[in-house]
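In case you want the letters, here they are:
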Amino acid sequence: MASTGGHGSSDDPGDKRPPRNLQDVLKYAIEHTPTTQDEEGGESEGGNHGNRESAAERAEWLSNALSGMYKDEVKEMAEQVAFLKESSKVTEAVEGHEVEGREDLEEKKTEALEYLFDLVQGIDNAKDFLKVGGGDILQLCFSDPSSEVRWRTLDLLAALSQNHPSNQAEFHSMGLIKRLLDVLDSSSEVDMVRIKALYALSCLCRDNDTCLSNFVKHDGFSVLMRAMQSDIEKLQIKATFMLQAILISFPQHKDTLHNMGMVHQLVSLLQQEHAITHEQFILALLNLVSGHSGCISDCCQPELQFEELLKSRVELLKDKEEFMEELEYCQKLMAICFTKNTSSQGMDR
C-alpha cells in the first residue's frame, strides 16, 4: 500500500517535521535564528561550542529540507491516488460492519487528501493530477462514509478547478456539476460537506460559460436559492456570493432569474428579522435589478411592499457604522426602483 504522505502534527512540538513549502522553511529559519543576546551568551565557557553544534544542526536540517522539497511531486500524487483507490475498496467491502482499524484508515485517507490538496496548489501539479488517475478517486471519495473524507475531497476538487480551464472541462464531462448540486441540495448531508460542495461548484463554474450553462440546465439557480433560504449562515452567504459573481460576469442570466421570480425570493428573505446575511441579499438584489427593467418592475409591485421595507431598513441602519455599506445598497435600490420616472433608467432590453 502506498504511503499516505502523512503530515499531521507530531506529539513532540520540537519535532523537525520536513517542510511542505518555502513558507515552512522560512518559518523554521526565523524561529531558530539566534538573537544577538543568544550569540553574546555563547561566548561564555562552553557556549561557543554549543552554538557551533546547533548552527551545524540547523544547516544540516535546512539542507535536507530543501532537497526534500524538490522530490518528484507527480510521483507523490500518484502514490496518494493509488493509496486512496485501494483504501476506498477496503471501505466499501467493510461498510456496515464494525471492523478494527476503521478509524485509523479514515485518518490516513484524510491525511492523503490533505497532502494532495497541498500538492495541487502548484499549477503544474493541478494539471497533472488527472493524468495520474485523480479523477477516479474524486468519484470514489465523494461517496465515502466519512463526512471528513467527503468534504476534504470537495475541497480538493475546488482547488483543482479554480482558474484551471482544462480541469473544469474534464470535470464537466465527468458530470460533476449535477453531482455537486445534489450534494448541496441535500438537507440530510452534514453542513461542512454542503458548504464545500458549494465552494467546489463556484470554482468549477467561475469564468466558464460551458460549466455555468450546465449549472443552469440542472436548475442550479433554484438550488442556490434554497441554500440562501437554509438556516446555515455560512451556506447562505456563500450561495449569495456565487449568485453575485454570476450576475456580474454573466449578466445575460438575469432574464432567467427574473422569470423564476428571484426578486420576490430575495425580498422575502429581507422581510425576515434583520441579520448579518442581509447585506449580501441586498447587494445581490441590487446587482439583479441594475439594468433590468423586468426586475425593477417586480420590485415595484405593491403587494411586495418593498419601498416600505427599504425605508424602514434605512431608518434601522442609519448612524450605525458597521452597517454603512448595507445602508448604501438600500439607498441605491431606492433610487433605482422608486425615484420618479425610473422607467427609462438603465434598461438593457
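Enquirer: Whenever I open this one, the confidence of the model for the chain confuses me. Can you help?
Expert: Fine structural detail should not be taken from predicted coordinates in areas where pLDDT scores are low. When pLDDT is averaged along the chain, the result is 85, and 77% of the positions lie at 70 or above. Across residues 1–16 the pLDDT falls below 50, and counting only partners more than four positions away or on other chains, this stretch makes 26 contacts in the model. In this model, residues 341–349 is a region of pLDDT below 50 whose contacts with residues beyond four sequence positions or in other chains number 18 contacts.

Enquirer: I keep staring at the side chain of Glu189 and nothing clicks. Help me out?
Expert: Position of Glu189 relative to the elements: it lies in the loop between α10 (176–184) and α11 (191–205). Relative accessible area serves as the criterion here: at 16%, Glu189 is assigned to the buried category. At 2.8 Å, the side chain of Glu189 forms a polar contact with the side chain of Arg150. Not counting the four nearest positions on each side in its chain, Glu189 is found in contact with Arg150, Val183 and Arg194.

Enquirer: Help me understand the environment of Leu266 in this model?
Expert: Note on placement: Leu266 falls in helix α16 (residues 262–270). Between the alpha carbons of Leu266 and Gln229 there is a distance of 9.3 Å; along the sequence they are 37 residues apart. If near-sequence neighbours (up to four positions away) are discounted, Leu266 is found in contact with Met225, Met228, Phe281, Ala284, Leu285 and Leu288.

Enquirer: Looking at this model, I keep getting lost on unusual backbone geometry. Mind explaining?
Expert: Phi is mostly negative for residues that are not glycine, and the peptide bonds are mostly trans. Non-glycine residue Asp219 carries a positive phi angle of around 60°. Mapped onto the elements of the fold, Asp219 is located in the loop between α12 (209–217) and α13 (220–228). Asp219 gets classed as partly exposed once you look at its relative accessible area, which sits at 42%. Although it is not a glycine, Asp319 sits at a positive phi angle of roughly 70°. Structurally, the position occupied by Asp319 is in the loop between α19 (306–317) and α20 (324–338).

Enquirer: Sorry if this is basic, but what is going on with the pattern of salt bridges here?
Expert: Side-chain pairs of opposite charge can arise where the charged atoms are in close proximity. Tallied over the entire structure, the rule returns 14 salt bridges. For the salt bridge of Lys311 with Glu307, the shortest nitrogen-to-oxygen distance reads 3.6 Å. Of this pair, Lys311 and Glu307 both sit in helix α19, four residues apart, which is roughly one turn of that helix. Relative accessible area serves as the criterion here: at 46%, Lys311 is assigned to the partly exposed category. Linking Glu328 and Lys332 is a salt bridge whose minimum nitrogen-to-oxygen distance equals 3.3 Å. Here Glu328 and its partner Lys332 are both found in helix α20, four residues apart, which amounts to about one turn of the helix. A relative accessible area of 39% means that Lys332 is categorised as partly exposed.

Enquirer: For this particular structure, what's the right way to read the packing of aromatic side chains?
Expert: Pairs of aromatic rings are described using the distance from one ring centre to the other and the angle between the two planes. A complete count under the given rule lists two aromatic pairs for this structure. Relative to Phe221, the ring of Phe215 lies with its centre 5.5 Å away and its plane at 90°, an arrangement referred to as edge-to-face. Exposure remark for Phe221: the relative accessible area of 2% places this residue in the buried category.

Enquirer: Help me out: how do you make sense of the packing of helix α14 (residues 233–249) against helix α17 (residues 278–289) in this one?
Expert: Their axes nearest at 9 Å, the elements α14 and α17 cross at an angle of 20°. Regarding the angle of α14 to α17, the classification is roughly parallel. Note that α14 runs across α17; the crossing there is left-handed. On α17, the residues that touch Gln236, Ile237, Thr240, Phe241, Leu243, Gln244, Leu247 and Ile248 of α14 are Gln280, Phe281, Leu283, Ala284, Asn287 and Leu288. Residues belonging to the contact of α14 with α17 are distributed by class as follows: nine nonpolar, five polar and no charged.

Cut-offs applied
- Residues numbered from 1 in each chain as written.
- Predicted model: local features only at pLDDT ≥ 70, side-chain atom pairs only at ≥ 80, totals over all residues.
- Heavy atoms only, no water.
- pLDDT = per-residue confidence, 0-100.
- Contact = heavy atoms within 4.5 Å.
- Helix = DSSP H or I, 4+ residues; strand = E, 2+ residues; numbered from the N terminus.
- Buried < 20%, exposed > 50% of the residue type's maximum accessible area, 1.4 Å probe, protein only.
- Polar contact = N/O pair within 3.5 Å; in protein donor to acceptor, adjacent residues only side chain to side chain.
- Salt bridge = Lys/Arg side-chain N within 4 Å of Asp/Glu carboxyl O.
- Phe/Tyr/Trp six-rings, centres within 6.5 Å; stacked < 30°, edge-to-face > 60°.
- Axes fitted to C-alpha atoms, helices over the stretch in contact; angles between N-to-C directions.
- Parallel < 35°, antiparallel > 145°, perpendicular 65-115°, else oblique.
- Left-handed = near helix turned anticlockwise from the far one by under 90°.
- Nonpolar A, V, L, I, M, F, W, Y, C, P; charged D, E, K, R; others polar.

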